[in-house]
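Given next are the chains, with one letter for each unit.
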Amino acid sequence: MDELNNLNERSCFGEESAEYADTIQEFIRDEQRDSEYYRMLSRRAPNSAASRMFRQFSRDEYSHARRFSAALYLITGKRYFPNISELEPIVIPPYKQAL
């Protein structure tokens, strides 16, 4: 029975892969911030085509964050996807500077 408990505590990719957990968490936060940045930028876009493009960028970045989160779960067995309010504040410069 102890052997079964030990197996459940190991990560899917081996214990050595757990050393990357902090790095992957940072990747998740970065992708979430990027997603929010593009979402906010889409609201400042000068036209609907630019707005749609930035919304798509935002969705892409969010998807990256979800994939990193899934990888982290496979490595650690723990879920990690912080709420956007838990991240560093995002400052959006004027539209042209943001590009």
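Preceding this paragraph is the structure being described.
Residues numbered from 1 in each chain as written. Predicted model: local features only at pLDDT ≥ 70, side-chain atom pairs only at ≥ 80, totals over all residues. Heavy atoms only, no water.

Peer 1: Whenever I open this one, the nonpolar core confuses me. Can you help?
Peer 2: If you look at soluble globular proteins, the nonpolar side chains tend to sit buried side by side. Judged by nonpolar contacts, L41, A45, A50, F54, I92, Y95 and A98 together constitute the single largest core of 7 residues. Sequence-distant contacts of A50, defined by excluding residues within four places in its chain, comprise A45 and Y95. Formed by 6 residues, the second largest nonpolar core is a distinct cluster that contains A21, I28, A65 and I75. (Core = buried A, V, L, I, M, F, W, Y, C linked by side-chain atoms within 4.5 Å. Buried < 20%, exposed > 50% of the residue type's maximum accessible area, 1.4 Å probe, protein only. Contact = heavy atoms within 4.5 Å.)

Peer 1: I'm lost on the packing of aromatic side chains in this one. Help?
Peer 2: What describes a pair of aromatic rings is the distance from one ring centre to the other and the angle between the planes of the rings. Tallying each qualifying case throughout the model produces 6 aromatic pairs. Centre to centre, the rings of Y37 and Y38 are 5.8 Å apart; their planes meet at 75°, and the pair counts as edge-to-face. With 6.2 Å between their ring centres and 15° between their planes, Y38 and F54 make a pair best called stacked. Pair noted here: Y38 is in helix α2 (residues 21–44) and F54 is in helix α3 (residues 48–76), with a separation of 16 residues, a long-range link. Residue Y38 is classed as partly exposed on the basis of its relative accessible area of 24%. Members of the aromatic cluster, connected to one another through ring pairs, are Y37, Y38, F54 and F57. Against the face of F81 rests R66, its NZ or CZ located 4.5 Å from the ring centre. The side chain of R79 reaches across the aromatic face of Y73, ending 4.5 Å from its centre. (Phe/Tyr/Trp six-rings, centres within 6.5 Å; stacked < 30°, edge-to-face > 60°. Helix = DSSP H or I, 4+ residues; strand = E, 2+ residues; numbered from the N terminus. Lys NZ or Arg CZ within 6 Å of the ring centre and 35° of its normal.)

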